[in-house]
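The chain contents come next:
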Amino acid sequence: MKKKMITLALAAISVMTAQAQQQLTVSVTNPSAAARTDQAVIIPLNSYGEVRRALVTCEGKEIPCQLDDLDQDEVFDELCFLADLKGKQQLKYEVQLFDDLCDEPAKYPARVFAEMLIRNDKVKEKNKHNNFIEAITARGDCANSYNLQHHHGVDFESELNGIRIYFDKRQTLDLYGKFQKRLELEATQFYTQPEQKAQGYGDDVLWVGNTFGLGAFRGWDGKQPTMIDPVASRTQRIISYGPLRTIVELVDKGWQAEANRPAINMTIRYIQYAGHRDTDVEVYFTKKHTDVSSYRFSTGVINVKGSEEFSDHKGLRGCWGSDFPTGDTINFKRETVGLGILIPQQYMASEEPANKDNYAFVVKANQNMLKYKIAYTSDNETFGYHTAKDWFNFLKLWRKEVEQPVKVVITKP
C-alpha cells in the first residue's frame, strides 16, 4: 500500500509538471533575398509566468537558447535564440517553457564571453588574473577608478570582435583585433603575451585617448562632447554571460550632464550577439520625474589618424585608417581598422563636421531612451575587410539588414 501511495504521488507530481509546461510556435521569416545567419529572436516572458527552463527545437533538432534576467530580480525576463535562414525562407521553431522548481537552464557551448576582474597582486602574468567580479561601483569622488579593474573595465566578445569599456569618466570603448574567428579574451585578458601572439592571438588595435573610440556615449555642451562627469557614482556590471549573447551595463547616477539643469541617472546597456561584429547600444534615463527630451548628448567614432571618412548623412558614419594602438611603437605595430556607427533617425539631432578627434553626432532621447549600433573590423582578420571600399560597402549592407529585420510571429498551438 505504501509503495502504491508513493507511485501515485510521483504520478501526481509528473502530471502537475506536465500541466505547468507551456508550448509556443515561433515562425521566423527572412524578408530579404540574402541569407541571414545568427539572427536574434527574442521572446518576452512576462506573459508566461515564472519560466525556469526552455527548450527550442526546429524540425526536431534542439537549438541552443538562453534565458536572461534583465532587471536582476532572480526571474527570467527574456528567451533568446539565434536563427539561420536562407533568402526569403521561413522556419518554425517549437518552444517549450518549464516552471518546475527543480528546473535549470540547459547549458550550451559558449559563443560569447564577458569578464570583470580585480587585479591579484600575487599573480605576475598579466593574462592570468583571477579575482573575478560581476559588478563594481565607484563614488564620484573616487580618485582613480580607471585602475580599479584589471584591463581597466569590463570586456566582452563574440567570435568576431572584442571590446573593453574604460571604468572612468570617458567610458570609452577600446578594441581588440583578431586573426581568427574564436573567443580569446579569457586567455589573453586584453594583454596578449608574446607566446600567444606567436600562436595567432589578437591584441589591442586602437588608441582612443579622450575620443569616442567606437561609439562611446557622452554629453554635449553645444560645441563639443563632454565627459560623464561629475557623477554621484558610476557602476559597471555583467547582466548575462551567454552563451548566445552577453549583456553588460554602465550605470551613472547623479550625472550633471548640463550646467544649471537637474542631474540625471543613466543606464547604458551593451548587447553582444554570437556571430556578430556589431554591438547593440541602448541608453535609458531612469530618474523619476526627469524628462531629458530637451537635453543633448553626443556619440560617434574616433578620427583615426589619416583616416578616410564615410557618411550617408542619415545616421550611418564610419572611417578607415591606421595608427599605433599605444605609445609603444617598438613592441606594437601600426594597426588598420574600420569603424562604423548607425544612429536611427528619431534620435538624430545633427551630424557634426569631422575634427582632429572625432566624427561626431549630436543625439537626443525619445521617451527617455535612445538606441544605436556600432561595428568594427581589423585588417588583421582572415575573415574580414581589408580596404576602405570593402568596409564602406559592408556599412551600407549593414544598414539594409538592420532596417529589414527577420519577422517573428509567436502563436500557441
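It should be noted that the structure appears before, not after, this text.
Residues numbered from 1 in each chain as written. Predicted model: local features only at pLDDT ≥ 70, side-chain atom pairs only at ≥ 80, totals over all residues. Heavy atoms only, no water.

## Quick look at the overall build of the protein chain
Step number 1: When you go through the protein chain residue by residue, the secondary structure sums to 4 helices and 28 strands.
Step number 2: Scaling as 2.2 N^0.38, a compact globule of 413 residues should have a C-alpha radius of gyration of about 22 Å, and the protein chain matches this with 23 Å.
Step number 3: With the C-alpha coordinates of the protein chain rotated into their principal frame, the extents come out at 85 × 50 × 50 Å.
Step number 4: Burial analysis of the protein chain (413 residues in total) assigns 52% to the buried set.
Step number 5: Sequence separation of at least 24 residues holds for 68% of the intrachain contacts in the protein chain that already meet a minimum separation of 6.
Step number 6: Looking at the protein chain as shown, the accessible area adds up to about 19,600 Å², and 51% of this sits on carbon and sulfur atoms.
Step number 7: Charge centroids of the protein chain, computed over 52 positive and 55 negative side chains, lie 2 Å from each other. (Helix = DSSP H or I, 4+ residues; strand = E, 2+ residues; numbered from the N terminus. Rg over C-alpha atoms; globule rule 2.2 N^0.38 Å. Buried < 20%, exposed > 50% of the residue type's maximum accessible area, 1.4 Å probe, protein only. Contact = heavy atoms within 4.5 Å. Areas by Shrake-Rupley, 256 points an atom, 1.4 Å probe, with all protein chains shown as cover. Lys, Arg positive; Asp, Glu negative; His and termini not counted. Charge placed at Lys NZ, Arg CZ, Asp CG, Glu CD.)

## Description of the nonpolar core
Step number 1: In terms of nonpolar packing, the biggest core is built from 53 residues, with Phe217 and Leu339 touching the most fellow members.
Step number 2: Ranked by size, the runner-up nonpolar core spans 24 residues in total, among them Ile43, Leu85, Leu91 and Val406. (Core = buried A, V, L, I, M, F, W, Y, C linked by side-chain atoms within 4.5 Å.)

## Notes on unusual backbone geometry
Step number 1: Geometrically, the link from aspartate 229 to proline 230 is a cis peptide bond, its omega value of 0° lying close to zero.
Step number 2: Of the consecutive residues glycine 242 and proline 243, the connecting peptide bond is found in the cis state with omega at 20°.
Step number 3: Relative to the elements of secondary structure, proline 243 occurs in the loop between strand E17 (233-240) and strand E18 (245-255).
Step number 4: A positive phi is found at histidine 152, a non-glycine position, where the angle reads about 65°.
Step number 5: Inspection of the secondary structure puts histidine 152 in the loop between strand E10 (135-139) and strand E11 (155-157).
Step number 6: Although it is not a glycine, histidine 289 sits at a positive phi angle of roughly 65°.

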